[in-house]
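Coordinates in review
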Amino acid sequence: MTFRKSLLVAGAAFVIAGMSPVIAADQPDINALKAEAKEIVQGFFKELKGTLVSTMKEKGPAGAVDVCHEKAQEITKKHNKNGWKVGRTALKIRNPKNAPDAWEKAVLQEFEKKIAEGADPKTLVKAEIVEQDGKKVFRFMKAIPVKKPCLNCHGEKVNPDLYKTIKKYYPEDQAIGFKLGQLRGAFTLSKPLEQ
Ligand code: HEC
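Read on for a plain summary of the structure. Computed from a predicted structure; not experimentally measured. (Residues numbered from 1 in each chain as written. Predicted model: local features only at pLDDT ≥ 70, side-chain atom pairs only at ≥ 80, totals over all residues. Heavy atoms only, no water.)

Some details on the site of the ligand
By nearness alone, 22 residues border the ligand, and Arg 94, Cys 150, Cys 153, His 154 and Arg 184 come closest of all. Between Gln 73 and the ligand, the recorded distance is 2.7 Å, taken from a side-chain N or O atom to an oxygen atom. In this structure, Arg 88 approaches the ligand through a side-chain N or O atom, which is 3.4 Å from a nitrogen atom. The pocket occupied by the ligand, as judged from atoms lying within 2 Å of grid points, is the largest pocket. Residues that form the shell around the ligand fall into these classes: 14 nonpolar, four polar and four charged. (Near = heavy atom within 4 Å. Polar contact = N/O pair within 3.5 Å; in protein donor to acceptor, adjacent residues only side chain to side chain. 1 Å grid on protein atoms, 1.4 Å probe; cavity = no way out; pocket = protein on both sides within 12 Å on 5 of 7 lines; lining within 4 Å. Sits in = over half its atoms within 2 Å of the grid points. Nonpolar A, V, L, I, M, F, W, Y, C, P; charged D, E, K, R; others polar.)

Describing the coordination of the iron atom of the ligand
The protein gives the iron atom of the ligand a lone donor atom, His 154 (NE2), placed 2.2 Å from the metal. Tracing the sequence through the fold places His 154 in helix α4 (residues 151-154). (Donors = N, O, S within 2.8 Å, 3.2 Å for Na, K, Ca; no water. Helix = DSSP H or I, 4+ residues; strand = E, 2+ residues; numbered from the N terminus.)

Considerations on helix α3 (residues 102-116)
Across its 15 residues, α3 extends 21 Å between first and last C-alpha, which sits within 8% of the 21 Å expected from 1.5 Å per residue. Listed as buried for α3 are Trp 103, Glu 104, Val 107, Leu 108, Phe 111 and Ile 115. In a view along the axis of α3, the buried residues occupy a sector of 130°, so they form one face of it. Those residues of α3 that are exposed and aimed more than 90 degrees away from the buried face are Ala 102, Lys 113 and Ala 116. Against β1 (85-89), β2 (125-132), β3 (135-145) and β4 (183-192) lie the buried residues of α3. Between the side-chain oxygen of the N-cap and the backbone nitrogen of Trp 103 there are 3.2 Å, and the N-cap of α3 in question is Asp 101. Taken from the residues just after α3, Gly 118 is the one with a positive phi, measuring 110°. (Expected span 1.5 Å × (residues − 1). Buried < 20%, exposed > 50% of the residue type's maximum accessible area, 1.4 Å probe, protein only. Arc of directions from axis to C-beta. Contact = heavy atoms within 4.5 Å.)

What to know about the sheet that holds β1
Sheet architecture is open: four strands sit in the order β1-β4-β3-β2, paired in antiparallel fashion. The open sheet terminates on both sides in strands that have one partner only, identified here as β1 and β2. On average, each strand axis in the sheet is tilted by 20° relative to the strand beside it, whichever way the strands run. Examined bridge by bridge, β2 and β3 share eight bridges and lie antiparallel to one another. (Pairing = 2+ DSSP bridges. Axes fitted to C-alpha atoms, helices over the stretch in contact; angles between N-to-C directions.)

Regarding the packing of aromatic side chains
Under the counting rule described, the total for this entry stands at four aromatic pairs. Pairing Phe 45 with Phe 187 gives two aromatic rings, centres 5.9 Å apart and planes at 80°, and the pair type is edge-to-face. Remark: Phe 187 occurs in strand β4 and Phe 45 occurs in helix α2 (residues 30-78); sequence separation between them is 142 residues. For Phe 187, a relative accessible area of 5% gives the class buried. Geometrically, the ring pair formed by Trp 84 and Phe 138 is edge-to-face, given 5.9 Å between the ring centres and 90° between the ring planes. With Trp 84 in the loop between α2 and β1 and Phe 138 in strand β3, this residue pair connects regions lying 54 residues apart in the sequence. Comparing Trp 84 with Phe 138, the two get one shared label, buried. (Phe/Tyr/Trp six-rings, centres within 6.5 Å; stacked < 30°, edge-to-face > 60°.)

Any link to function would need more than the numbers given here.
Right under this line is the structure:
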């Protein structure tokens, strides 16, 4: 190798080495995004649950459906902050507005598979940076298991009068027939990483 050539090689190596910290600094911090997503889910869940529990106590399950019908989407929108889009989705949905897109559907199927293999739904999360329309987007999902109070409105034996109220608002409802501990759906969050 001539002196000139080796200088070039050294120079190129220097440039590449010098560039890597810049690239690293540009890389989104997936762990930080994951932590932020988990915090948003906690706040969102707390508010949904609080509203559900208090209206169930005050007005019973049918009254709670009346309230949920308005409040669930309102509370969802309220938690869209700092570029984050927040929601709930499922394979079997009540509100068509909560229908999963292709990525969400695949993740829900992956969660179902893991549960069938013995995983605890409480622990299931998925975080990934995907490309949408040529731009990087951080996406996050956290599984929602069926608990006892959920069976009132999502179980195998939903009170027929209550189900009439549900059908009034959601004529295409698919979200019944669930058993305790099954996967009801998931929280789903996304944040664009590029403008
Ligand atoms: C009082 C009846 C009621 C109870 C109890 C209830 N839900 Fe729901 N659930 C609803 C209604 C109504 C909707 C549709 C909300 C909307 O319009 O977005 C819904 C929607 C959902 C969704 C969003 C996806 C979809 O199907 O549209 C999830 C996930 C969900 N419920 C999980 C649960 C879980 C988990 C519990 C127990 C902790 C629970 N629900 C208890 C009535 C209920």
